[in-house]
Amino acid sequence: MPFSGRLGGRSFPVHGEPMSQVVTRFPPSPTGFLHIGGARTALFNYLLARTNGGRFVLRIEDTDAARSTPEMTQAILDGMAWLGLAHDDGPYFQSERQDLYNANVDALLANGHAYWCQCTPEDVQAMRDKATAEGRKPKYDGRCRNLGLGPGPGRCVRLKTPQDGSTSFLDLVKGPVSFPNEELDDLVIRRADGGATYHMAVVSDDHAMGVTHVLRGDDHLNNTPRQMHILAALGFPLPVYGHVPMILGQDKKKLSKRHGAMSVMEYEKMGFLPEGVVNYLARLGWAHGDQEIFTLDELVAAFSTSNLNSSAACFDLEKMLWVNAHHLRAKSPQELAPLLARFVRELGLPEPDRTKLEAVIPLYQPRAQTLVEMAEASAFFFTPDADLPMDPAARDKFLTAEAKALLAEVRDLLAGTADFSEPGIEAALHGFVEAKAVKFKVIAQPIRVALTGKTASPGLYETMAVLGKDSTLARLDRALA
RNA sequence: GUCCCCAUCGUCUAGCCUGGUCCAGGACAUCGGCCUUUCACGCCGGUAACAGGGGUUCAAAUCCCCUUGGGGACGCCA
């Protein structure tokens, strides 16, 4: 029973007949970036296909020529690629498939399920306004439904929607859902300009592409009965529907640009790893017991629509940071090096040396949640000795006259240390504090401030070893000057 | 306004279908403590939730109803 849904924890079978192959799709409209919500929908569809050895189709819904742009299409493609959600089929462009949609509209006209309508958008708006004023639901009143009109300038085509009864389906995540048909009006399926509308295009494509599972945002729940009516009028089979709840901002309101409805690529700029974003998104609205950390492969192995949550979730940057930190630690320094290099460069520092990068990274894997943090915290490693910025407060507090006296001795000791490895440095420094009968604490912070310009850094031995003898000495000298 | 969906710690969630093992478990955040050369990591511990009201039942976070609250949809946008 690979497909089941849930309703308040109740599981139920969805569509008895076994599916030969699962086909899912992600159909973004290139009128905006790929944002968090879209990315999660894409991820769930990707997962649903992969988990079942199915096919994942990418379709660009660019039928709104006025608002769609090639730049946005590219941005969406980039976002998908960055997240690692590879599609098996497509991208298809709806703007290139109008013939298919229109053939279906013509079929509907021919079989009596659609009709020509001569009402102008203004007429319809007036009907809606009137209905609203009278406290009724704003709808097109169907006045052209039985006029037997033919094509003509300014005329659109509408679907003859059932006027009574109800339309029900078993939603993968919501369970049984039912709409009274009287709530629906005769929707436009072909605009006056001859172009098919959204519902017509979606339904035509889903059928043509063999889509078996339509997993989409909650906001499409109301669209489902409309699309089912078109499908029924066309005599096409119904896909399985699943509506995942929306992602809300921290304030429980629909995500806006302010709190996260920005492009997923913004998260790349913020130093997130795609693995971190994917992992966090998966856990927003879906759970697998108590497991928090997943790789994409683990998600594919564990994913099931029966674990999808039916209530909306708030986006929480703090938790995403924590998840990202895990993935940052899980990666090898070799993998991270080219990524970190970019952020170091963006700090205005010289091109970092690859070997040094790989030595620095392990020091910061437990200390950073993002690549930006990692770059900023480790910047002193990549800063030329002479340019090292010095925190004045740290200098005043730790580079006191007495500290400098000790520091000068440490400098000479280190200069004479042949083995500049971590253990070598540790041995030298330990010998020093024993001989001077001081606590290591006493020299630690002054050394740290001298080497890093700050009061916080990785361990001193590791820091010195990675910095190298020359830099270590140069920075000590600079602090003593 | 009408219709649809939703409701467990501040947040993400487990548990709900198959009522008792739940005076509700995990995670993020937060607050203590330990570790410690700083900062982190890590470890230990604490605070913190079944929206409210009615039912059903020996027993309800779990089933039913209502209320309240939240979200979504009502385009010749997608």
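My aim in this report is to walk through the structure given alongside it, one point at a time.

What counts, and at which threshold
- All residue numbers refer to position in the chain's written sequence, counted from 1.
- Each chain gets a letter, beginning with A, and each ligand a number, beginning with 1, in the order they are written.
- This being a predicted model, a pLDDT of at least 70 is required before a residue's local features are given, and a value of 80 or more before pairs of side-chain atoms are given or counted; all residues contribute to the totals for chains, interfaces and linings.
- Water and hydrogen atoms were dropped before computing side-chain values, which therefore reflect all heavy atoms in the structure.
- The helix count covers DSSP runs of H or I at least four residues long, the strand count covers runs of E at least two residues long, and both are numbered beginning at the N terminus.
- Whether a residue is buried, partly exposed or exposed follows from its accessible area with a 1.4 Å probe, protein chains only, as a fraction of its type maximum: under 20%, in between, or over 50%, in that order.
- It only takes one pair of heavy atoms within 4.5 Å for two residues to be counted as in contact.
- Definitions used throughout: a 1 Å grid over protein atoms alone; a cavity as a set of points that fits a 1.4 Å probe which cannot get out; a pocket as an open set with protein on both sides within 12 Å along at least five of seven lines; a lining residue as one with an atom within 4 Å of a point.
- Grid points are joined across faces, edges and corners, and a volume is the space filled by probe spheres set on the points.
- Note on definitions: salt bridges are taken to be side-chain nitrogens of Lys or Arg within 4 Å of carboxyl oxygens of Asp or Glu.
- Orientation is described by lines fitted to C-alpha atoms, with helices fitted over the stretch in contact, and by angles between N-to-C directions that extend from 0 to 180 degrees.
- An angle counts as roughly parallel when it lies under 35 degrees, as roughly antiparallel when it exceeds 145, as roughly perpendicular when it falls between 65 and 115, and as oblique in every other case.
- Working rule for handedness: look at the near helix, and if it is turned counterclockwise from the far one by less than a right angle, call the crossing left-handed; if clockwise, right-handed.
- Three classes are used: nonpolar for Ala, Val, Leu, Ile, Met, Phe, Trp, Tyr, Cys and Pro, charged for Asp, Glu, Lys and Arg, and polar for all others, with Gly counted as polar.

Turning to the side chain of Thr472, a few remarks are in order. Structurally, the position occupied by Thr472 is in helix α19 (residues 469-480). Residue Thr472 is classed as buried on the basis of its relative accessible area of 0%. Thr472 has contacts with Leu414, Phe420, Leu451, Met464 and Leu467, leaving out every residue within four places of it along the chain.

Here we come to the layout of surface pockets. Volume-wise, the largest pocket comes out at about 1,200 Å³. Around the largest pocket sit 40 residues that line it, and Pro28, Ser29, His35, Asp219 and His220 are the ones nearest its centre. Secondary structure elements with two or more residues in the lining of the largest pocket: β3 (23-26), α1 (36-51), α5 (198-208) and β11 (213-217). The greatest single-element share of the lining of the largest pocket, amounting to four residues, is contributed by α1.

Okay, the pattern of salt bridges next. Counted by the stated rule, this structure contains 32 salt bridges. Its salt-bridge partner being Asp218, residue Lys174 comes within 3.1 Å of it at the nearest N-O pair. Of this pair, Lys174 sits in the loop between β8 (166-171) and β9 (175-180) while Asp218 sits in the loop between β11 and α6 (223-234), and the two are 44 residues apart along the sequence. Notably, a salt bridge pairs Asp396 with Arg395, separated by 3.4 Å at the nearest N-O pair. By relative accessible area, which is 56% here, Asp396 ends up exposed. Counted as one network, the salt bridges with shared partners bring together Arg25, Arg59, Glu61, Arg97, Asp205 and Asp206.

Further remarks concern the packing of α5 against α6. Here α5 crosses α6 at 60°, and the two axes come no closer than 10 Å. It follows from the interaxial angle that α5 and α6 lie oblique. For α5 against α6, the interelement crossing comes out right-handed. Taken together, the residues of α6 that come into contact with α5 (itself represented by Tyr198, His199, Met200, Val202 and Val203) are Asn223, Arg226, Gln227, Ile230, Leu231 and Leu234. Tallied by class, the residues present in the contact of α5 with α6 amount to seven nonpolar, three polar and one charged.

This next bit is on the environment of Met80. Among the secondary structure elements, Met80 is positioned in helix α2 (residues 70-83). Taking the relative accessible area as the measure of exposure, Met80 reaches 2% and is therefore buried. Separated by 314 residues in sequence, Met80 and Ala394 place their C-alpha atoms 45 Å apart. Those residues in contact with Met80 that sit more than four places away from it in its chain are Phe26, Leu34, Ala42, Phe56, Leu58 and Leu85.

Nothing here speaks to function; it is all geometry.
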